[in-house]
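# Structure at a glance
Letter by letter, the chains look like this.
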Amino acid sequence: PIPSQVVNAKTISNEKRVMSVVQKIILQVNCKLGGELWGSNIPIPQLMCVGVDVYHDKNQKKESVVAMVASMNSTMSAYASACGFQRPGQEIIDVMKVLLGKLVAKYKEANGVAPTKILLYRDGVGDGDIGSNVLHEVDCIESLLEQTNVQAKFSFIVVQKRINMRFFNLVGNQYTNPLPGSLLDHTIMKKGFLDFILVSQFASETVVCPTHYIIVKDNTGLSLDHIQRISYKLTHQYFNWSGTVKIPAPVQYAHKLAYQVGENTNTIPDPQLMNKLFFL
């Protein structure tokens, strides 16, 4: 692969904004070459956070693309990626073992040891699929860890962006948007699973929409408070935006990779690109 960066002439045609745009382009190039812009302090050794998403062709003619992106260090500033194809329109992931196996091996190569805790954030799953479909993927992960003799505990967390739940902050006699980092994990939540809704972005003009996190499986020994804090910190780690994003960065990276492969390249990226955010 040849490092390259395409710049639309229209993007840099405005002289008043050109300096700001060029700075952002340089940061993006830095990331694509393997640079790390900033990090978060997460003092849990040998923790790997994984984001998973599936891209479907609108006409369901092309194969669906599964993308996984995983953190490779303790500051959540270095990532590796893997992707694969499956039947058009299929949401349940058949290649879970293959892709996650590659990322666990990459983590061990980068750190000298395998991860002992894995937080896997799964995007694109509706309430109707939280059952046999998701449990199949959980079984695949358990089978992988057993077959590879990796002594890791894991948490499988479904991430839902489009939800109807809202909550507000009462200031005096007025309701305002909750501040970033606010969450709710009781009273109105699900009965069958441990879950919470988290606000990670600031909104001044509209009602802020929280993100729903559903913990389908967890044997890591981490408390709910730990998982909530890690999830919020990960929303700061998306290098294409200097603020927070709505979902954890690994999920956002996986979404972008799946879209790029499914919409544009239609081929598995070169293995040399595995440890670089080439798709930003």
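For the structure, check the block above.
As a starting point, this report considers the structure included with it. Predicted model only: the values in this text are computed from it and were never measured.

Calculation notes
- Residues numbered from 1 in each chain as written.
- Predicted model: local features only at pLDDT ≥ 70, side-chain atom pairs only at ≥ 80, totals over all residues.
- Heavy atoms only, no water.
- Buried < 20%, exposed > 50% of the residue type's maximum accessible area, 1.4 Å probe, protein only.
- Helix = DSSP H or I, 4+ residues; strand = E, 2+ residues; numbered from the N terminus.
- Pairing = 2+ DSSP bridges.
- Right-handed = clockwise from strand over helix to strand, strands pointing away.
- Expected span 1.5 Å × (residues − 1).
- Arc of directions from axis to C-beta.
- Contact = heavy atoms within 4.5 Å.
- Phe/Tyr/Trp six-rings, centres within 6.5 Å; stacked < 30°, edge-to-face > 60°.
- Polar contact = N/O pair within 3.5 Å; in protein donor to acceptor, adjacent residues only side chain to side chain.
- Core = buried A, V, L, I, M, F, W, Y, C linked by side-chain atoms within 4.5 Å.
- Salt bridge = Lys/Arg side-chain N within 4 Å of Asp/Glu carboxyl O.

## Quick notes on the pairing of strand E5 (residues 153–160)
Judged by how many residues are buried, E5 sits mostly within the fold: 7 of 8 residues are covered. Sheet topology note: the strand E4 (residues 117–123)/E5 ladder contains 7 bridges and is parallel. Its bridge partner lying in E5, Arg122 is registered against Val158. Traced from E4 through helix H3 (residues 132–148) to E5, the parallel crossover comes out right-handed. Looking at chain direction, E5 and strand E10 (residues 211–218) are connected through 6 bridges and run antiparallel. Residue pairing in the sheet places Val158 in a bridge with Ile214 of E10.

## A word on the environment of Lys16
Position of Lys16 among the secondary structure elements: in the segment before helix H1 (18–32). Each C-alpha atom of the pair Lys16 and Val207 lies 32 Å from the other, and the pair is 191 residues apart in sequence.

## Observations regarding the pairing of E4
Burial analysis of E4 places 6 of its 7 residues in the buried class, which makes it a mostly covered element. As paired strands, strand E1 (residues 47–55) and E4 are joined by 6 bridges and run parallel to one another. Bridged to Val50 within E4 is Leu120.

## A few points about helix H2 (residues 96–111)
Over its 16 residues, H2 runs 22 Å from end to end, which matches the ideal 22 Å to within 8%, given 1.5 Å per residue. Within H2, the full set of buried residues consists of Met96, Leu99, Leu100, Leu103, Val104, Lys106 and Tyr107. End-on view of H2: buried residues confined to an arc of 160°, all on one side of the axis. Those residues of H2 hidden inside the fold are in contact with E1, strand E2 (64–71), strand E3 (79–86), E4, H3 and E5. Remark: Gly112 follows H2 within two positions and exhibits a positive phi of approximately 85°.

## Regarding the packing of aromatic side chains
Under the defined criterion, the tally for this structure stands at 10 aromatic pairs. Each ring, one from Trp38 and one from Phe239, has its centre 5.1 Å from the other, and the planes form 90°; the classification is edge-to-face. Of the two residues, Trp38 sits in the loop between H1 and E1 while Phe239 sits in the loop between helix H4 (224–234) and helix H5 (249–265), which places them 201 residues apart along the sequence. Overall, Phe239 belongs to the buried group, its relative accessible area being 6%. Aromatic rings pair up to connect Trp38, Tyr79, Tyr238, Phe239, Tyr253, Phe278 and Phe279 into one cluster.

## Structural notes on the side chain of Asp195
For Asp195, the position within the fold is in strand E9 (residues 194–198). Side chain to side chain, Asp195 and His212 meet in a polar contact 2.7 Å long. Those residues within four positions of Asp195 in sequence are excluded, and the remaining contacts are Asp185, Met189, Lys190, His212, Tyr213 and Ile214.

## Some remarks on the nonpolar core
Ranked by internal contacts, the top residues of the largest apolar core, which has 40 residues, are Leu47, Tyr121, Ile230, Tyr253 and Leu257. Ranked by the residues each element gives to this core, the list is headed by H5, at 7 residues. Residues within four places of Leu47 in sequence aside, it is in contact with Ile42, Ser71, Met76, Tyr107, Lys117, Leu119 and Ile230. Within the second largest apolar cluster, 38 residues are counted, among which are Ala80, Ile93, Leu120 and Phe156.

## Considering the pattern of salt bridges
Taken as a whole and assessed by the stated rule, the structure comprises 6 salt bridges. Ionic pairing is found between Glu91 and Arg122, a salt bridge with its closest N-O pair at 2.9 Å. Taken together, the residues Glu91 in the loop between E3 and H2 and Arg122 in strand E4 connect sequence positions 31 residues apart. Side by side, Glu91 and Arg122 carry an identical accessibility label, which is buried. Linking Arg122 and Glu137 is a salt bridge whose minimum nitrogen-to-oxygen distance equals 2.9 Å.

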